Amino acid sequence: GALYLPSVSETIVAADLLAGFSTIVLVPLLALALRRTWVGLAFRSVASNRRLAAEYGIPVRCVDAAVLAACGGLSAAGAIMFGMKYDLSPQMLGEPTMKVAAVVVALGADRPERVAAGILLLGILEAAAQSSSATAPFASAIGYVLLIAALLIRYGAPIVSRSLKA
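All of these numbers come straight from a predicted model, not from anything done at the bench. (Residues numbered from 1 in each chain as written. Predicted model: local features only at pLDDT ≥ 70, side-chain atom pairs only at ≥ 80, totals over all residues. Heavy atoms only, no water.)

1. Describing the overall build of the protein
For clarity, the threshold we go by: We count a stretch as a helix when DSSP gives it H or I for four or more residues in a row; a strand needs E for two or more, and each element gets its number in order from the N terminus. Whether a residue is buried, partly exposed or exposed follows from its accessible area with a 1.4 Å probe, protein chains only, as a fraction of its type maximum: under 20%, in between, or over 50%, in that order. We call two residues contacting when some pair of their heavy atoms lies within 4.5 Å. Using the Shrake-Rupley algorithm and a 1.4 Å probe, accessible areas are obtained, with residue cover drawn only from the displayed protein chains.
Along its length, the protein carries eight helices and two strands. Element order for the protein, N to C, with α for helix and β for strand: β-β-α-α-α-α-α-α-α-α. Residue burial in the protein is summarised as follows: out of 166 residues, 17% are buried. For the protein, contacts bridging at least 24 residues in sequence account for 34% of all contacts bridging at least 6. Here the protein displays about 12100 Å² of accessible surface, and carbon together with sulfur accounts for 70% of that area.

2. Details of the side chain of serine 22
With respect to the helices, strands and loops of the structure, serine 22 is situated in helix α1 (residues 14–36). Assessed through its relative accessible area of 13%, serine 22 is described here as buried. The residues touching serine 22, leaving out its near neighbours within four places in the chain, are Val27 and Met81.

3. Details of the pattern of salt bridges
Where we set the bar: The term salt bridge refers to a pairing of a side-chain nitrogen on Lys or Arg with a carboxyl oxygen on Asp or Glu at a separation within 4 Å.
Here the structure, examined in full by the defined rule, presents two salt bridges. Arginine 111 is paired through a salt bridge with glutamate 113; the nearest N and O atoms lie 2.7 Å apart. Residue arginine 111 is classed as partly exposed on the basis of its relative accessible area of 35%.

4. Here we look at the side chain of glutamate 126
Inspection of the secondary structure puts glutamate 126 in helix α6 (residues 112–130). Residue glutamate 126 is classed as buried on the basis of its relative accessible area of 9%. With residues near it in sequence (within four places) discarded, glutamate 126 still touches Lys99, Ala139, Ser140, Ile142 and Gly143.

5. A look at the nonpolar core
So the rule is basically this: Here, nonpolar core refers to any group of buried Ala, Val, Leu, Ile, Met, Phe, Trp, Tyr and Cys residues whose side-chain atoms link them within 4.5 Å.
One finds Ala42, Phe43, Val46, Ala53, Ile58, Val60 and Val63 forming the largest nonpolar core, which totals seven residues. The element that contributes the greatest number of residues to this core is helix α2 (residues 38–48), accounting for three residues. Excluding its chain neighbours within four sequence positions, the residues that come into contact with valine 60 are Val46, Arg50 and Ala54. In terms of nonpolar packing, the next biggest core, distinct from the first, is built from six residues, Val103, Ala129, Ala139 and Ile142 among them.

If you want it as structure tokens, here you go:
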């Protein structure tokens, strides 16, 4: 199922055809949706002036959620096509990426030196946990626990964050 094009020294596979077809279909549909529908008008209004859009009765938070959903859907479609093209595993970098996200949420993305030190510290902590047979099964959970704690402290549990800040 592959087609070799000698003029460009490239092999076209089914994933390339799917990506090309999806692009030909999705881009005009997206442009039409943004220019000719109420949702597109709401997107553009909120992007231009959030306060004025809210005064005119446009549900700004709903539009924000719709924009995030649309961007997430398009990103997911692109990632699926990229993964099909390069035969990537969906689990690739799952755990290391989660650990980096945990450290960034816990320490803040505005200080890269803190994040680098935090990643190093997390690696040392995991290596120490793996050295003991009693704690080795829990070593991979350290990043997840850190992420949950950081999210609760920063965003989710005012009681926890007040008691820790006091």
